[in-house]
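Coordinate inspection notes
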Amino acid sequence: MVLKVFFPSCCSSAESGILIGRWISEQSSAVVLAVVHFPFIPVQVKQYLGELQRLTRVSVSVLGSWSNSKQEKEEGLSEFLEDLGTIFSHEPWIQISKEGDSKFWSCSTLQKHSDKPKEEEIILVYYDQRKVMLSHLHPPLDTADGRAEDASKLSAIFDTVARSRVLFMTDRYDEGPIKLTHWQSDGVEASIIVELLKQASVPACMLLAFLLSLVSGICRSRVLKFWPLSFLWSKLSTCEQLGHRLQHLQVISSNKKAQTQTQLMRKANIFVSLLIDVALGILLMSWLYRKNRIGHLADTLIPVADHVAEELQDLLQWLMGAPAGLKMNRALDQVLGRFFLYHIHLWISYIHLMSPFIEMILWYVGLSACLGLTVALCILSDIIALLTFHIYCFYVYGARLYCLKIYGLSSLWRLFRGKKWNVLRQRVDSCSYDLDQLFIGTLLFTILLFLLPTTALYYLVFTLLRLLVVIVQGLIHLLVDLIDSVPLYSLILRLCRSYRLAAGVKFRVLEQQDGKPLRLLMEINPLSYGAVVQTYRLPTYSCYPKDSWTSLCKKLFLGELIYPWKHKGEKQD
């Protein structure tokens, strides 16, 4: 029979005394939780263990004796430790002794109440109490009978250490009859500043929750549901990001305690993400307002807009001629070219009309960086969308005209084959046409077919310009989603305290010698960085379209509108 003794590594230098812990008979395992030092009164120890068992719902008992020969000052201490087995009746009685500075320990068992004592092979497993308790590899603490769900699993060891938190609150400086050694025996880990922050966070969270409830109530009011405001709220990425951050503030200011490790990590990740976002925003704001960078940016914006408009005019003049030697329909080419040139003229007039107010607008927009770098990036995306609104209009006009001709040609092609589209049944059915219908269809098909190259060229050029703007906005929103979704707290915790994000355990052989117990070291195996990101990744407010290349090419060929992103609950055209 193999007896497994789990011994805390923090007790290896403890003074001689008795071992208290839990005996798991199903596994033939003993989990040592602490060492009680001499001198002590056995009755007081039994009373303390009874109270501890009532609080932790763990069957804590005296498992055996611990002898540190380096600490021995009296003769016959080993015999006294053996006699303690008659007072604290536990079968088997475990005796662990450390021989001076030797790295080998002796571990044996006594079975006084057995007529035929069995020879047992002993495996001594060292474990770190702090890492085991904080690794969260144990089952939920609200199990029915206070035990692990399956006692044959290693999780019973973690469950025992996790439930014994009350035991670790007692240190050697407590004025009591019992002196213990465990991972917090040198003093409970605490800080006056941390405790003061905990006390001050309660009213601060209540005040923040009240203010957020007022803001959320205003946002859900009927005033914002009217057409202009609702349209702007759904289309501007700045409004979406502010609503997303408002939800984050409501989560971290909630007075509900996190029930699971995942909820706790989610709150911590959101808090760290907000903190870093605001810090980066303040750094950006301080950089913008130094050396009059806002004024330089405003002075540069108008010439850049004029240069873009001039390049578009040159492009349209090239399209109105013979682009790349192609023979276009001159009448349609002139109409489309003048139509788009008139729009560019309107756009230049609009930019010069707004030029006196651009510096003031940028000055107030720069103040929004104090809300976070993501808000500033979303404002930049909206500014790009407004400055390239004429390109979007050109793309929509070209796409609609091209789409109309494509669907017209497909419908007339079905007419030649004696087919038609059944709207009710959503399928193609056979149909008989008379001579007049076929003649008119032939004329329309010929007209649309010869006008298609001119329309397709304008559509192709403006689609490429639109895709360029979409790529720039997509990169900005990719950076915003990166800041919003990356679990920074979990990654920092994985780097500094990897045992807090445990995936399992591993055992390492320390020493193995004939006649001596096998000594193993139980180590926490942490999650990989990829698994940490995948497990604790935060949700984002925008979801990018997951179209395949085939679907994207089909939409471009049919002239359907392509957006850089779509919001939740919004369908693409």
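Residues numbered from 1 in each chain as written. Predicted model: local features only at pLDDT ≥ 70, side-chain atom pairs only at ≥ 80, totals over all residues. Heavy atoms only, no water.

A closer look at helix α7 (residues 237–252)
If you check α7, its first and last C-alpha atoms are 23 Å apart, about what 16 residues at 1.5 Å a residue would give, namely 22 Å. All of the buried residues along α7 are S237, T238, C239, E240, Q241, G243, H244, R245, L246 and H248. (Helix = DSSP H or I, 4+ residues; strand = E, 2+ residues; numbered from the N terminus. Expected span 1.5 Å × (residues − 1). Buried < 20%, exposed > 50% of the residue type's maximum accessible area, 1.4 Å probe, protein only.)

Here's the deal with the environment of P177
Considering the arrangement of structural elements, one finds P177 in the loop between α4 (155–163) and β8 (180–181). Among all residues touching P177, those that are not within four sequence positions of it are P39 and Q44. (Contact = heavy atoms within 4.5 Å.)

A closer look at the confidence of the model for the chain
When pLDDT is low, close inspection of the predicted coordinates is not appropriate. On average, residues of the chain score 78 in pLDDT, and 77% of them are at 70 or above. Mean pLDDT across the elements of the chain ranges from a minimum in strand β14 (residues 566–567), with 42, to a maximum in helix α14 (residues 488–496), with 89. The model gives residues 141–152 a pLDDT under 50, and that stretch makes 24 contacts with residues more than four places away or in other chains. Between residues 564–573, whose pLDDT stays under 50, and residues either more than four places distant or in other chains, the model counts 33 contacts. (pLDDT = per-residue confidence, 0-100.)

Concerning the packing of helix α11 (residues 373–387) against helix α13 (residues 435–485)
Packing of α11 against α13 leaves a shortest axis separation of 10 Å and a crossing angle of 165°. By the criterion of interaxial angle, the relationship of α11 to α13 is roughly antiparallel. Relative to α13, α11 is oriented so that their crossing is left-handed. Here L373, T374, L377, C378, L380, S381, I384 and A385 of α11 come into contact with α13, specifically with V469, V472, Q473, I476, H477, L479, V480, I483 and D484. Within the contact of α11 with α13, the residues separate by chemical class into twelve nonpolar, four polar and one charged. (Axes fitted to C-alpha atoms, helices over the stretch in contact; angles between N-to-C directions. Parallel < 35°, antiparallel > 145°, perpendicular 65-115°, else oblique. Left-handed = near helix turned anticlockwise from the far one by under 90°. Nonpolar A, V, L, I, M, F, W, Y, C, P; charged D, E, K, R; others polar.)

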